[in-house]
Amino acid sequence: MDWAGWAVFGLVATVALTAALITAQLAGLTRLDLPLVLGTMVTEDPDRARVVGFFIHLAAGQGFALGYATVFALLYRATWWIGGLLGALHVAIALTVLLPLLPGVHPRMASHRAGPASTAMLEPPGLFGLNYGIQTPAVAAVVHIIYGVVLGLLLAPR
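Residues numbered from 1 in each chain as written. Predicted model: local features only at pLDDT ≥ 70, side-chain atom pairs only at ≥ 80, totals over all residues. Heavy atoms only, no water.

Before going further, it helps to spend a moment on the packing of helix α1 (residues 6–26) against helix α3 (residues 46–75). Where α1 meets α3, the closest approach of the two axes is 8 Å, and the angle between their N-to-C directions is 125 degrees. Overall, the two elements α1 and α3 adopt an arrangement that is oblique. Between α1 and α3 lies a crossing of right-handed hand. Taken together, the residues of α3 that come into contact with α1 (itself represented by W6, A7, G10, L11, T14, V15, L17 and T18) are F54, H57, L58, G61, Q62, A65, L66 and A69. Looking at the contact of α1 with α3, its residues break down into 10 nonpolar, six polar and no charged. (Axes fitted to C-alpha atoms, helices over the stretch in contact; angles between N-to-C directions. Helix = DSSP H or I, 4+ residues; strand = E, 2+ residues; numbered from the N terminus. Parallel < 35°, antiparallel > 145°, perpendicular 65-115°, else oblique. Left-handed = near helix turned anticlockwise from the far one by under 90°. Contact = heavy atoms within 4.5 Å. Nonpolar A, V, L, I, M, F, W, Y, C, P; charged D, E, K, R; others polar.)

So, in structure tokens, the structure goes:
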């Protein structure tokens, strides 16, 4: 396993995921803006939040890349299809567990229980992120599978 390469490859995979997600946003397929969601945990200003959130997302991508590299090492192999399966598992946990819990810890995200008096600037994503568009689960799945495939290809022994 290329332990020295995981950081570089994690960055490459995270940039690929982010580029695919932004492309899907611009195409109108989803309203999910991960840099904005992450950045508004730190600041209220949406423009500043996107910049801060982008770097938070890159750091999180590095952490996940280390997890993927660890799994590859435990399996004694890295392939594009194992990476894709890990990406599918990753997005399944993100959409069913992490996103629905986010309103409980995000200071600027409404919850389903907050009601009309809420002054939150972001709506809750809901299960599978469906509040950000009906195609959001499919977009999230595709971009996370891309992330896994890229890591599987780049971390594969030569």
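Picking up after the structure, the text goes on.
The next subject is the pattern of salt bridges. Going through the model one piece at a time under the given rule, you end up with three salt bridges. For R31, the salt bridge is made with E123, and the minimal N-O distance between the two is 2.7 Å. Of the two residues, R31 sits in the loop between α1 and α2 (34–39) while E123 sits in the loop between α4 (80–101) and α5 (136–155), which places them 92 residues apart along the sequence. For E44, the salt bridge goes to R108, with nearest N and O atoms at 4.0 Å. Pair noted here: E44 is in the loop between α2 and α3 and R108 is in the loop between α4 and α5, with a separation of 64 residues, a long-range link. Judged by its relative accessible area of 55%, E44 is exposed. Looking at R108, the relative accessible area reads 19%, which means it is buried. (Salt bridge = Lys/Arg side-chain N within 4 Å of Asp/Glu carboxyl O. Buried < 20%, exposed > 50% of the residue type's maximum accessible area, 1.4 Å probe, protein only.)

This paragraph deals with a nonpolar patch on the surface. Taken together, the side chains of L89, I93, V97, L98 and L101 present a nonpolar region at the surface, about 460 Å² in accessible area. One can find I93 in helix α4. With relative accessibility at 42%, the residue I93 sits in the partly exposed group. (Patch = residues over 30% accessible without salt bridge, like charges linked within 9 Å, V, L, I, M, F, W, Y side chains within 5 Å. Areas by Shrake-Rupley, 256 points an atom, 1.4 Å probe, with all protein chains shown as cover.)

Where α3 meets α4, the closest approach of the two axes is 11 Å, and the angle between their N-to-C directions is 130 degrees. With respect to α4, the axis of α3 lies oblique. Read as a crossing pair, α3 and α4 show a hand that is right-handed. Here α3 contributes F64, Y68, V71, F72 and L75 to the contact with α4, which in turn contributes I82, G83, L86, G87 and H90.

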